[in-house]
Amino acid sequence: MIKSGMNDPTMNADAHKPVVYIISAPSGSGKSTLVNELLKKVSDLEFSISYTTRAPRGSEVDGRQYFFISRPEFEQMIREDAFLEHAEVFGNYYGTARRFLDDAARHGRDLLLDIDVQGAAQIQSKLPDATSIFILPPDRKTLEERLRKRSEDREEVIQRRLDTATREIENYQRYNYILVNDQLEDSIRLLRAIVRGERLLRAGRELSTEEATLVANADLCRLANVRTRLQPILESFRTPVSSRT
Ligand code: 5GP
């Protein structure tokens, strides 16, 4: 048996303090699929549905992927201090409503935020206990191919997303865990290990052998343990070979 060391004696046993998980990734990294699979596989985890001023895409439904609102409505919510964080991404506002954190606490559940690097920085300064996970594509070429395959965007939008990805990726060091999304099944398994592992560590009790294995799997994704693997990925973004014709 292995003893975990992160017991928090100041926590009121009656009040649930949600673990807040932040997931960020450049657009096209496969984040939405991973988040959806994670929500199916892990219990007691609520997804924070963000507010945005961008228009719904494809099959998106108001109140499911996002709450789609107008710019004046969003600005009114900013004035009312309704957001835990908000940011402008690709020319649109996106924000996390404070009430999701309160709701998760009341429901005795944890909270998952799918937000960009600016929003992540705001949450990290307000909620330093939050667990942050950065998802990376295996290299720039793969990201470019995935963005093209989606074929939702015009060429200039694809290029803009690639440039943004290059900038966003440089923020990887601000995250607790880094997940390279190469094989979907492996990524889902690791993401699940990170989420469950954090819960186990925070529970501060003895871990069974199986639980300790899970925590060890999650540890493989800790920033300190992935630095070598990251180097070629970062290089591929710093010296891009564009597949534009
Ligand atoms: P998309 O428009 O492709 O759904 O999302 C664009 C970017 O906005 C993604 O990086 C996504 O993580 C981010 N995003 C979604 N919701 C929020 C939010 O509430 N706050 C912030 N800061 N970013 C968000």
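Provided above is the structure to which this section pertains.
None of these values were measured; they are calculated from a predicted model. (Residues numbered from 1 in each chain as written. Predicted model: local features only at pLDDT ≥ 70, side-chain atom pairs only at ≥ 80, totals over all residues. Heavy atoms only, no water.)

A. Quick look at the overall build of the protein. Of regular secondary structure, the protein possesses nine helices and eleven strands. Computed over C-alpha atoms, the radius of gyration of the protein comes to 18 Å, within 12% of the 18 Å expected from 2.2 N^0.38 for 245 residues, which places it in the range of a compact globule. Its C-alpha atoms put the protein at 60 × 45 × 30 Å along the principal axes. Out of the 245 residues in the protein, the part that is buried amounts to 47%. Restricting to contacts in the protein with at least 6 residues of sequence separation, those with at least 24 account for 70%. (Helix = DSSP H or I, 4+ residues; strand = E, 2+ residues; numbered from the N terminus. Rg over C-alpha atoms; globule rule 2.2 N^0.38 Å. Buried < 20%, exposed > 50% of the residue type's maximum accessible area, 1.4 Å probe, protein only. Contact = heavy atoms within 4.5 Å.)

B. Structural view of the site of the ligand. The immediate surroundings of the ligand are formed by 15 residues, with Ser 50, Arg 54, Tyr 66, Glu 85 and Tyr 94 found nearest. With respect to the ligand, the side chain of Thr 96 contributes an N or O atom lying 3.4 Å from an oxygen atom. Coverage of the ligand by the protein amounts to 93% of the 510 Å² it exposes when considered alone. Judged by the fraction of its atoms near the pocket grid, the ligand is located in the largest pocket. Elements supplying a minimum of two residues to the shell around the ligand: strand E6 (83-89) and strand E7 (92-97). (Near = heavy atom within 4 Å. Polar contact = N/O pair within 3.5 Å; in protein donor to acceptor, adjacent residues only side chain to side chain. Areas by Shrake-Rupley, 256 points an atom, 1.4 Å probe, with all protein chains shown as cover. 1 Å grid on protein atoms, 1.4 Å probe; cavity = no way out; pocket = protein on both sides within 12 Å on 5 of 7 lines; lining within 4 Å. Sits in = over half its atoms within 2 Å of the grid points.)

C. Highlighting the packing of helix H1 (residues 31-41) against helix H7 (residues 184-203). Packing of H1 against H7 leaves a shortest axis separation of 10 Å and a crossing angle of 55 degrees. One element, H1, and the other, H7, form an angle in the oblique class. Handedness of the crossing formed by H1 with H7: right-handed. In this structure, H1 uses Thr 33, Leu 34, Glu 37, Leu 38 and Lys 41 to contact H7, whose residues at the interface are Leu 184, Ser 187, Ile 188, Leu 191, Arg 192 and Val 195. Its residues placed into classes, the contact of H1 with H7 shows six nonpolar, two polar and three charged. (Axes fitted to C-alpha atoms, helices over the stretch in contact; angles between N-to-C directions. Parallel < 35°, antiparallel > 145°, perpendicular 65-115°, else oblique. Left-handed = near helix turned anticlockwise from the far one by under 90°. Nonpolar A, V, L, I, M, F, W, Y, C, P; charged D, E, K, R; others polar.)

D. Up close: the pattern of salt bridges. Applying the stated rule across the entire model yields 20 salt bridges. A salt bridge links Arg 154 to Glu 156; its shortest N-O distance comes to 3.5 Å. Both residues of the pair, Arg 154 and Glu 156, count as exposed. For Glu 211, the salt bridge goes to Arg 205, with nearest N and O atoms at 2.9 Å. Since its relative accessible area comes to 19%, Glu 211 is described here as buried. Judged by its relative accessible area of 38%, Arg 205 is partly exposed. Connected through salt bridges with shared partners, the residues Glu 198, Arg 202, Asp 219 and Arg 222 form a single ionic network. (Salt bridge = Lys/Arg side-chain N within 4 Å of Asp/Glu carboxyl O.)

E. Molecular detail of the nonpolar core. Counting residues in hydrophobic clusters, the biggest one holds 39 residues, and the most contacted among them are Phe 134, Ile 178 and Leu 230. It is helix H9 (residues 223-238) that contributes the most residues to this core, six residues altogether. Setting aside its immediate chain neighbours within four residues, Leu 230 contacts Leu 136, Tyr 172, Ile 178 and Val 180. Core analysis: the second largest hydrophobic core is formed by 27 residues, Leu 34, Val 35, Leu 112 and Ile 188 among them. (Core = buried A, V, L, I, M, F, W, Y, C linked by side-chain atoms within 4.5 Å.)

F. Local environment of the layout of surface pockets. Of the volumes computed, that of the largest pocket is approximately 1300 Å³. Contributions of two or more residues to the lining of the largest pocket are made by H1, E6, E7, helix H5 (140-150) and helix H6 (155-169). At six residues, the largest contribution of residues to the lining of the largest pocket is made by H1. Partitioned by chemical class, the residues of the lining of the largest pocket number 14 nonpolar, 16 polar and 16 charged. (Points joined across faces, edges and corners; volume = space filled by probe spheres on them.)

G. Summary view of the pairing of strand E9 (residues 131-136). Burial analysis of E9 places six of its six residues in the buried class, which makes it a mostly covered element. Every second residue of E9 is oriented toward a common face, with Thr 131, Ile 133 and Ile 135 on one face and Ser 132, Phe 134 and Leu 136 on the other, all of them buried. Bridge count between strand E2 (residues 20-24) and E9: four bridges; the pairing is parallel. By the bridge assignment for E9, Ser 24 is matched with Phe 134. Both E9 and strand E10 (residues 177-180) contribute to a ladder of four bridges, which runs parallel. Looking at E10, one finds that Ile 135 is bridged to Leu 179. (Pairing = 2+ DSSP bridges.)

H. Main features of the sheet that holds strand E5 (residues 66-68). Spatial ordering of the open sheet is given by E5-E4-E7-E6, a layout of four strands whose pairing is mixed. Two strands close off the open sheet at either side, each with one partner strand: E5 and E6. Each strand axis lies, on average, 25 degrees off the axis of its neighbour in the sheet, ignoring direction. Taken strand by strand, helix H3 (residues 99-107) contacts strand E4 (50-52), E5, E6 and E7, and its axis lies near 30 degrees from that of E7.

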